[in-house]
Amino acid sequence: MLHRLLILGCRTMRDGVVVSAIFFVAAILLFVAVRYVLPELAYLQQIVLFFALVLIILAPIVLVSTFLLSVIPGAREKLDKCEH
């Protein structure tokens, strides 16, 4: 089961980079929304800020884990067959 999760192909490599970029952009947009758009209602700003911080932390984690999966033995042969 774990071996199936660690299989990295061309598509999953691209997906990891795209998900990381989406997390980063979403976090920046949430930071901007907290600063300029959201009113000061109850704890709304703190809740949105919490989600922004979670996303800003998850973005590099996804990117680094994708990189680490690409350097494990056996992944190099699969990634060499990718069309870039």
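Residues numbered from 1 in each chain as written. Predicted model: local features only at pLDDT ≥ 70, side-chain atom pairs only at ≥ 80, totals over all residues. Heavy atoms only, no water.

### Re the overall build of the protein
Thinking step 1. On a plain count of helices and strands, the protein comes out with four helices and zero strands.
Thinking step 2. Each helix and strand of the protein, placed in order from N terminus to C terminus, yields the pattern α-α-α-α.
Thinking step 3. Within the protein, the proportion of its 84 residues that are buried is 19%.
Thinking step 4. Sequence separation of at least 24 residues holds for 69% of the intrachain contacts in the protein that already meet a minimum separation of 6.
Thinking step 5. Here the protein displays about 6700 Å² of accessible surface, and carbon together with sulfur accounts for 73% of that area. (Helix = DSSP H or I, 4+ residues; strand = E, 2+ residues; numbered from the N terminus. Buried < 20%, exposed > 50% of the residue type's maximum accessible area, 1.4 Å probe, protein only. Contact = heavy atoms within 4.5 Å. Areas by Shrake-Rupley, 256 points an atom, 1.4 Å probe, with all protein chains shown as cover.)

### Topic: the side chain of Ser20
Thinking step 1. Tracing the chain through its elements places Ser20 in helix H2 (residues 10–37).
Thinking step 2. If near-sequence neighbours (up to four positions away) are discounted, Ser20 is found in contact with Ala59, Pro60, Val62 and Leu63.

### With respect to the UniProt feature "transmembrane region" (unreviewed entry) in the protein
Thinking step 1. UniProt records the feature "transmembrane region" (unreviewed entry) for residues 16–38 and 44–71 in the present numbering.
Thinking step 2. Split by type, residues 16–38 is 96% helix and 0% strand. Its first and last C-alpha atoms lie 30 Å apart.
Thinking step 3. Along residues 44–71 one finds 96% helix and 0% strand; the C-alpha atoms at either end are 41 Å apart. (UniProt positions renumbered as here; feature names shortened; annotations may be inferred.)

### Points about helix H3 (residues 44–70)
Thinking step 1. Taking 1.5 Å per residue as the helical rise, H3 with its 27 residues ought to reach 39 Å, and the 39 Å between its terminal C-alpha atoms agrees with that figure.
Thinking step 2. If you check which residues of H3 are buried, you get Val48, Ala52, Leu55, Ala59, Val62, Thr66 and Ser70. (Expected span 1.5 Å × (residues − 1).)

### Considering the confidence of the model for the protein
Thinking step 1. In the predicted model, the protein carries a mean pLDDT of 82, and 75% of its residues have values of at least 70.
Thinking step 2. Predicted confidence in the protein is weakest over helix H1 (residues 2–5), with a mean pLDDT of 54, and strongest over H3, with 91. (pLDDT = per-residue confidence, 0-100.)

### Observations concerning the environment of Met13
Thinking step 1. Summarising the element assignment, Met13 is placed in helix H2.
Thinking step 2. Separated by 56 residues in sequence, Met13 and Leu69 place their C-alpha atoms 8.9 Å apart.

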